[in-house]
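The lines below spell out each chain.
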Amino acid sequence: MVHEMIDGAYRQTNLPNESPEYLAKREEVRLAEIELLNTRERVAALRRALPKGATIQDYEFIEGPTSLDDGDAPTKTVRLSELFTAPDRSLVIYHFMYGKKQTVACPMCTAWIDGYNGVAHHLAQNVDLAIVAAADPATLRAHARNRGWDKLRLLSAGESTFKYDLGSEDGEGGQDSTISVFTRDSDGTLRHFYSGHPRLGEDIKERGIDELIPVWNMLDLTPQGRGKFYASLDYGTKVKGAQAARG
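Now for a look at the structure at hand. Counting from 1, residues in each chain are numbered in the order their sequence is written. With pLDDT at 70 or above as the cut-off, local features in this predicted model cover only qualifying residues; side-chain atom pairs require 80 or more to be listed or tallied, and sums for whole chains, interfaces and linings still use all residues. Note: side-chain values were computed over all heavy atoms of the structure, leaving out hydrogens and water.

This paragraph deals with the side chain of Glu63. With respect to the secondary-structure elements, Glu63 resides in strand β3 (residues 60–63). Residue class for Glu63 comes out buried when judged on its relative accessible area of 9%. We call two N or O atoms a polar contact when they sit within 3.5 Å, provided that within protein one can donate a hydrogen and the other can accept it, with sequence-adjacent residues counted only if both atoms are side-chain atoms. Among the polar contacts made by the side chain of Glu63, one reaches the side chain of Arg153 at a distance of 2.7 Å. Helix numbers and strand numbers start at the N terminus; a helix is a DSSP run of H or I with at least 4 residues, a strand a run of E with at least 2. Between buried and exposed lies partly exposed: a residue is buried under 20% and exposed over 50% of the maximum accessible area for its type, with that area taken using a 1.4 Å probe on protein chains only.

Bringing the pairing of strand β9 (residues 190–196) into the picture now. Note that strand β8 (residues 178–184) and β9 share six bridges and pair antiparallel. Note on β9: the bridge partner recorded for Val181 is Tyr194. The hairpin formed by β8 and β9 contains five residues between the paired strands, and Gly188 there has a positive phi angle of roughly 95°. The pairing criterion is simple: DSSP has to find at least two bridges between the two strands.

This part is about helix α2 (residues 107–123). The terminal C-alpha atoms of α2, which comprises 17 residues, lie 23 Å apart, in line with the 24 Å expected from a rise of 1.5 Å per residue. At Asn117, α2 shows its maximal bend, which comes to roughly 40°. Along α2, the residues that are buried comprise Met108, Cys109, Thr110, Ala111, Trp112, Ile113, Tyr116, Asn117 and Ala120. On its buried face, α2 sits against β5 (90–96), β6 (127–133), α3 (137–147), β8 and α5 (214–219). In this analysis, the expected span of each helix is defined as 1.5 Å times one less than the number of residues it contains. At every residue, the bend is computed as the angle between two fitted axes, covering the seven residues ending there and the seven beginning there respectively. Residue contacts follow a heavy-atom distance rule, with two residues in contact if any of their heavy atoms lie within 4.5 Å.

On to the sheet that holds β6. Strand pairing in a sheet takes place through backbone hydrogen bonds and is either antiparallel or parallel in direction. The sheet built from seven strands is open, its strands ordered β4-β3-β7-β6-β5-β8-β9 with mixed pairing. Where the open sheet ends on each side, the last strands, each with one partner, are β4 (76–79) and β9. The mean angle between the axes of side-by-side strands here comes to 35°, regardless of whether they run parallel or antiparallel. Here four bridges tie β3 to β4, and the two strands are oriented antiparallel to one another. Residue pairing in the sheet places Ile62 in a bridge with Thr77 of β4. Angles run from 0 to 180 degrees between N-to-C directions of axes, and those axes are lines fitted to C-alpha atoms, restricted for helices to the stretch in contact. Docked against the sheet, α2 engages β5, β6 and β8, running at close to 155° with respect to β5.

This brings us to the packing of aromatic side chains. Two aromatic rings, drawn from Phe, Tyr or Trp (for Trp, its six-membered ring), form a pair once their centres lie within 6.5 Å of each other, and the interplanar angle then sorts them: stacked below 30 degrees, edge-to-face above 60, tilted otherwise. Under the criterion given, the structure shown has eight aromatic pairs. Between Phe61 and Phe162, the ring centres sit 5.1 Å apart and the planes meet at 80°, which makes this aromatic pair edge-to-face. Taken as a pair, Phe61 in strand β3 and Phe162 in helix α4 (residues 162–165) lie far apart in primary sequence, 101 residues in all. Judged by relative accessible area, which is 1%, Phe61 ranks as buried. On the basis of an interplanar angle of 25° and a centroid distance of 6.3 Å, the ring pair of Phe229 and Tyr235 is categorised as stacked. On the accessibility criterion, Phe229 (28% relative accessible area) is partly exposed. On the basis of relative accessible area, Tyr235 is assigned to the partly exposed category, the value being 33%. Through a chain of ring-to-ring contacts, the aromatic side chains of Tyr59, Phe61, Phe162 and Phe182 assemble into a single cluster. Between the NZ or CZ atom of Arg47 and the centre of the ring of Tyr194, over which it lies, the distance is 4.9 Å. Note on geometry: a ring has a charge over it if NZ (lysine) or CZ (arginine) is within 6 Å of the ring centre and within 35 degrees of the ring normal.

A separate point is unusual backbone geometry. Trans is the prevailing form of peptide bonds, just as negative phi is the prevailing case for residues other than glycine. Residue Pro74 follows Ala73 across a cis peptide bond; omega there is 0°. Among the structural elements, Pro74 can be located in the loop between β3 and β4. Look at His3: it is not a glycine, yet its phi comes out positive at around 70°. Structurally, His3 can be placed in the segment before β1 (5–6). Positioned with a positive phi, Lys100 is a non-glycine residue whose angle comes to about 55°. Within the secondary structure, Lys100 sits in the loop between β5 and α2.

Grid points spaced at 1 Å over the protein atoms alone were grouped into cavities, where a 1.4 Å probe fits but cannot get out, and pockets, open sets with protein on both sides within 12 Å along at least five of seven lines, with lining residues defined by an atom within 4 Å of a point. Grid points are joined across faces, edges and corners, and a volume is the space filled by probe spheres set on the points. As enumerated under the stated definition, the model contains one cavity of 30 Å³ or more in all. Reported here for the largest cavity is a volume of approximately 30 Å³. Taken together, Lys100, Ala134, Ala157, Gly158, Ser160, Lys163 and Glu169 form the lining of the largest cavity. Across the lining of the largest cavity, the residue classes break down as two nonpolar, two polar and three charged. Three categories are distinguished: nonpolar for Ala, Val, Leu, Ile, Met, Phe, Trp, Tyr, Cys and Pro, charged for Asp, Glu, Lys and Arg, and polar for the others, with Gly belonging to the last.

Such coordinate-based values are descriptive only and should not be taken to indicate function.
Written out as structure tokens, the structure is:
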């Protein structure tokens, strides 16, 4: 029965007692999901078809030891070009809202990066990935150590204008979350390919990069939806309460 079209509905389960009303509405959802899939594919194709982006300078970053277990020194200067590990690979950089005016690590960015750390070894098969923050290396690494970010390149923007130029920092040092993609031509020319921000317009101030984190998408599967959920650095009694209820 599952994966069969029965009475105008493509069945998703083998449950015999699903009501006609439920099956009709579930079919409506399925068709909307197909439409959403096609829209995502169209947007991805449009993104891939972007013409060559602006050339950019070979920004300098500050990086600590490879392992967080090795402390925070010595540090070294790393250029953007050195973050590419092989020809014909793209470089993805997540701009972490931490440093300068953002004196406390952004909880939402932290949730995003928690996920990136978990899939970093998968992404490494195709792309290079790094996290860049305005915070100094020691401050950034202390937070990373607390979160267990052991599979990511963690870079401080230092004195560079990287975050300002890419739109994740304003002139007063205010920070924003952003994701950027860079490419390198065969002659070594560095180019900006794409940047995405939570803000998509004056009337859309959030949700522009929601697809980069599974949390929202998982919540969207439930009858309660997203509700009032917002990421936190420590859920404290909420998580403990849920664990107690399970026990």
